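In case you want the letters, here they are:
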Amino acid sequence: MKPFIPLLTLALASLPMHASQAGTDPARLVESCAELVDIYEKRDQLRFAAAQTTALSEAMRAGYCRGVLDEYRRHYQCRRTDWRDQAEIIARHSPAQLEELDVDGLLEKACGY
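Since the structure is predicted, the reported quantities are computational estimates derived from the model, not experimental observations.

Caption draft 1: Region of interest: helix H5 (residues 83-91). For H5, the complete set of buried residues consists of Trp-83, Gln-86, Ala-87, Ile-89 and Ile-90. Projected down its long axis, H5 carries its buried residues within an arc of 160 degrees, all on one side. Of the residues that open H5, the one with a side-chain oxygen 3.1 Å from the backbone nitrogen of Arg-84 is Asp-82.

Caption draft 2: Broad picture of the packing of helix H4 (residues 56-75) against H5. The N-to-C vectors of H4 and H5 enclose an angle of 115 degrees; their axes lie 10 Å apart at closest approach. Considering how the two elements wind past one another, H4 and H5 form a crossing that is right-handed. Residue-level inspection shows Cys-65, Arg-66, Leu-69 and Arg-73 of H4 in contact with H5, the latter providing Trp-83, Gln-86, Ala-87 and Ile-90. When grouped by side-chain class, the residues that make up the contact of H4 with H5 number 5 nonpolar, 1 polar and 2 charged.

Caption draft 3: Representation of the state of the cysteines within the structure. Taken as a whole and assessed by the stated rule, the structure comprises 2 disulfides. One disulfide bridge connects Cys-33 with Cys-65, the sulfur atoms lying 2.0 Å from each other. Measuring the twist about the S-S bond at about 90 degrees, one finds the Cys-33-Cys-65 disulfide to be right-handed. One end of the pair, Cys-33, is in helix H2 (residues 26-46); the other, Cys-65, is in helix H4, with 32 residues separating them in the sequence.

Caption draft 4: Region of the structure containing the side chain of Gln-86. Mapped onto the secondary structure, Gln-86 falls in helix H5. If near-sequence neighbours (up to four positions away) are discounted, Gln-86 is found in contact with Leu-69, Arg-73, Cys-78, Arg-80, Ala-110 and Cys-111.

Caption draft 5: Region of the structure containing the pattern of salt bridges. The full count for this structure, using the stated rule, is 5 salt bridges. The closest approach of N and O atoms between Arg-61 and Glu-35, which form a salt bridge, is 3.1 Å. Taken as a pair, Arg-61 in helix H4 and Glu-35 in helix H2 lie far apart in primary sequence, 26 residues in all. Residue Arg-61 is classed as partly exposed on the basis of its relative accessible area, which comes to 28%.

Caption draft 6: Representation of the packing of H4 against helix H7 (residues 103-111) within the structure. H7 packs onto H4 with a crossing angle of 75 degrees between their chain directions and a minimal axis gap of 11 Å. Put simply, H4 runs roughly perpendicular to H7. For the pair formed by H4 and H7, the contact residues are Val-68, Leu-69 and Tyr-72 on the first element and Leu-107, Glu-108 and Cys-111 on the second. Its residues placed into classes, the contact of H4 with H7 shows 5 nonpolar, no polar and 1 charged.

Scoring rules and cut-offs
For every chain, the first residue of its written sequence is number 1, and the numbers climb from 1 along that sequence. Restriction of local features to residues with pLDDT of at least 70 applies here, the model being predicted, together with a cutoff of 80 or more for giving and counting side-chain atom pairs; totals for whole chains, interfaces and linings are based on all residues. Side-chain metrics in this entry use all non-hydrogen atoms of the structure; hydrogen atoms and water are not considered. Throughout this description, buried means an accessible area under 20% of the type-specific maximum (1.4 Å probe, protein chains only), exposed means over 50%, and partly exposed covers the range between. The helix and strand labels rest on DSSP assignments: H or I over at least four residues marks a helix, E over at least two residues marks a strand, and numbering proceeds from the N terminus. The arc in question is the one spanned by the directions pointing from the helix axis to the C-beta atoms. We define a polar contact as two N or O atoms separated by no more than 3.5 Å, with the added condition that, inside protein, one atom must be a possible hydrogen donor and the other a possible acceptor, whereas residues neighbouring each other in sequence contribute only through side-chain atom pairs. Axis definition: a line fit to C-alpha positions, over the contact stretch in the case of helices; interaxial angles, taken between N-to-C directions, run 0 to 180 degrees. Crossing chirality is assigned from the near helix's rotation relative to the far helix, an anticlockwise turn below a right angle marking it left-handed and a clockwise turn marking it right-handed. Contact criterion: two residues are considered in contact whenever any of their non-hydrogen atoms come within 4.5 Å of each other. Amino acids are sorted into nonpolar (Ala, Val, Leu, Ile, Met, Phe, Trp, Tyr, Cys and Pro), charged (Asp, Glu, Lys and Arg) and polar (every other residue, Gly among them). Any two cysteine sulfur atoms within 2.5 Å of one another count as a disulfide. The term salt bridge refers to a pairing of a side-chain nitrogen on Lys or Arg with a carboxyl oxygen on Asp or Glu at a separation within 4 Å. By definition in this entry, angles of less than 35 degrees are roughly parallel, angles greater than 145 are roughly antiparallel, angles of 65 to 115 are roughly perpendicular, and the rest are oblique.

Quick look at the structure:
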């Protein structure tokens with residue numbers, strides 16, 4: 001089984017959308033970025049076995065996060081340019097913090113603004 005993230009990232013990144021069109025549910029973005037962080041932590045620890053331990057649903061959620069981050073960076077110049085750092089920042093948000101932030105707010109924070 002090959003990792004699905006690069007393929008999903010490519011597909012999502014090719015879609016023309018602005019950050020506000022990515023979805024209005026900040027909890028979905030937080031969940032998907034947490035999935036992305038987890039997958040890459042597994043990959044760093046397990047190397048080749050990470051692909052076999054990642055479910056399709058996990059890869060799809062992670063691909064959503066990566067695609068949203070890539071698309072946001074395509075339209076806006078970020079101070080923080082590493083997508084893994086950005087995903088970690090978004091993934092750290094608690095449900096209480098999400099009452100104050102929308103998707104654009106999460107992306108701005110992850111971008112370094």
